[in-house]
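Structural description and commentary
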Amino acid sequence: MLFQVIGKDDNKPRMSTDYASCIPRPDELKVLNKQHTFKLNGKKASMTAVVEYLKGHKKEAALQ
């Protein structure tokens with residue numbers, strides 16, 4: 001799994017991680033969403049999709 005935060009102004013990656021435990025919390029994603037977009041596994045993802053992904057991978061995040 002690859003999660004990326006992409007800047008809306010220049011479309012360049014600002015952050016990336018392979019670990020669900022390193023993805024920002026939903027409240028942090030909400031702030032980031034104002035000036036950034038998100039990608040999961042190379043595909044554009046909404047903030048809601050990222051939060052749903054995290055809900056499905058809580059066990060993975062807890063193990064890391």
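In short, a report on the structure. Numbers given for residues are sequential positions, taken from 1 along each chain in its written order. Residue-level local features of this predicted model are given only where pLDDT is at least 70; pairs of side-chain atoms are given and counted only at 80 or more, and the full residue set underlies all totals for whole chains, interfaces and linings. The side-chain figures draw on all heavy atoms in the structure; neither hydrogens nor water molecules are used.

Nonpolar cores were defined as sets of buried Ala, Val, Leu, Ile, Met, Phe, Trp, Tyr and Cys residues, with membership established by side-chain atoms within 4.5 Å. For the exposure calls, accessible area comes from a 1.4 Å probe over protein chains only, and a residue counts as buried if that area is under 20% of its type's maximum, exposed if over 50%, partly exposed in between. Judged by nonpolar contacts, Phe-3, Val-5, Ala-20, Ile-23, Leu-29, Phe-38, Leu-40, Ala-45, Val-50, Val-51, Tyr-53 and Leu-54 together constitute the single largest core of 12 residues. Helix numbering and strand numbering both begin at the N terminus, where a helix is a DSSP run of H or I of at least 4 residues and a strand a DSSP run of E of at least 2. Contributing elements (two or more residues each) for this core: strand S1 (3-7), strand S3 (36-40) and helix H2 (47-56). It is H2 that contributes the most residues to this core, 4 residues altogether. Leaving out residues up to four positions away in the same chain, Ala-45 has contacts with Phe-38, Lys-39, Leu-40 and Val-50. Residues are treated as being in contact if the distance between any of their heavy atoms lies within 4.5 Å.

Let's shift gears to the packing of aromatic side chains. Here a pair means two rings of Phe, Tyr or Trp (six-membered ring of Trp) with centres within 6.5 Å. Their orientation is stacked below 30 degrees between planes, edge-to-face above 60, and tilted elsewhere. Overall, the coordinates contain 1 aromatic pair when judged by the stated rule. For the ring pair Phe-3 and Phe-38, a centre distance of 5.9 Å and an interplane angle of 25° mean the geometry is stacked. In this pair, Phe-3 is assigned in strand S1 and Phe-38 in strand S3, connecting sequence segments 35 residues apart. Just as Phe-3 is buried, Phe-38 falls in that class too.

Take the pairing of S3 next. By the criterion of burial, S3 is predominantly enclosed, with 4 of the 5 residues buried. One ladder, built from 5 bridges, connects S1 with S3; its direction is antiparallel. Within the sheet, the bridge partner assigned to Val-5 lies in S3 and is Phe-38. Paired strands, in this sense, are two strands between which DSSP finds at least two bridges. The pairing of S3 with strand S4 (residues 43-45) spans 3 bridges and is antiparallel. Its bridge partner being in S4, Lys-39 is matched across the sheet by Lys-44.

Among the residues making up H2, those that are buried are Val-50, Val-51, Tyr-53 and Leu-54. One side of H2 holds all its buried residues, which, seen down the axis, span an arc of 160°. Turned more than 90 degrees from where H2 packs its buried face, Thr-48, Lys-55 and Gly-56 sit exposed. The arc under discussion is defined with respect to the helix axis, by the directions toward the C-beta atoms.

Purely geometric stuff here, so don't read any function into it on its own.
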